[in-house]
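# Remarks on the overall topology
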Amino acid sequence: RPKLDGDLPSPLGSVSWRIHDAEEITKKGTGVGNVGTNTIHGWKPQIVLEALFIAVWENERGGEYGSSLVAILQSKVIEYAKSRGYVSALLYVEIGFEQPKAKVFWGNNGFKPVVPINELKNAGVSNSDILAGRAI
C-alpha cells in the first residue's frame, strides 16, 4: 500500500455510503426507496444505509478489516435511526455479477440475496418459510 507523507499511518482501506431517510424512501422513483408497501413482514424501513463500496488493500485482506467496517456501518445505521425516533433500519448492498469477490465477502458477513416475494409465492414457498428465512 502507498506511504503517506509525514507521520500519518497509511490507510488499510476505505468505505463509502449514503443514508436514505423515511421521507425519501416513501417517494416513488428514489432508487432503494422503491420498496413496495405490501411486504410479507408488514414493515418498510425508515432508514436505509446504502453501502456504495468497501475496499481493503489486497495484501491486507483476510484480516477482518472489511468485516470491521461492515460492523461499524451496521451500528451507525441503527444509531442514526434511533436518534431520529425510528424503529426500523436496513443496510443495503448491491453486488454486480462481475464482482465474485464482493459476493463472497458480503456472504461471509451474513448478507443474502433478496428474492422478490411474489417469485417465492409463485414457487409455492409458504409465508412461514419466508419469514423464517428458509426460502433462500
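Relevant structure appears above.
Structural notes, computed from the coordinates. Model, not experiment: these values are computed from the prediction.

Counted at 1.5 Å a residue, the expected span for helix α2 (residues 65-83) with its 19 residues is 27 Å, and the 27 Å between its end C-alpha atoms agrees. Every buried residue of α2 is accounted for by G66, V70, L73, V77 and A81. Down the axis of α2, the buried set is contained in an arc of 60°. They therefore lie on one face. Those residues of α2 that are exposed and aimed more than 90 degrees away from the buried face are K82 and S83. The inward-facing, buried residues of α2 abut β1 (13-20), β2 (47-56), β3 (89-93) and α3 (100-108). Phi turns positive one or two residues past the end of α2, at G85, with a value near 80°.

Further remarks concern the pairing of β3. Bridge analysis of β2 against β3 gives five bridges, and the strand direction is parallel. Within the sheet, the bridge partner assigned to A51 lies in β3 and is V93. Between β2 and its parallel partner β3, the chain crosses via α2, and the hand of that crossover is right-handed.

Moving on: the pattern of salt bridges. In this structure the tally under the stated criterion is three salt bridges. Note that R18 is salt-bridged to E50, the shortest N-O span being 2.7 Å. With R18 in strand β1 and E50 in strand β2, this residue pair connects regions lying 32 residues apart in the sequence. Here R18 falls in the partly exposed class, since its relative accessible area comes to 43%. One salt bridge in this structure joins K76 and E79, with 3.8 Å as the shortest N-O distance. Of the two residues, K76 and E79 both sit in helix α2, three residues apart, roughly one turn of that helix.

Calculation notes
Residues numbered from 1 in each chain as written. Predicted model: local features only at pLDDT ≥ 70, side-chain atom pairs only at ≥ 80, totals over all residues. Heavy atoms only, no water. Helix = DSSP H or I, 4+ residues; strand = E, 2+ residues; numbered from the N terminus. Expected span 1.5 Å × (residues − 1). Buried < 20%, exposed > 50% of the residue type's maximum accessible area, 1.4 Å probe, protein only. Arc of directions from axis to C-beta. Contact = heavy atoms within 4.5 Å. Pairing = 2+ DSSP bridges. Right-handed = clockwise from strand over helix to strand, strands pointing away. Salt bridge = Lys/Arg side-chain N within 4 Å of Asp/Glu carboxyl O.

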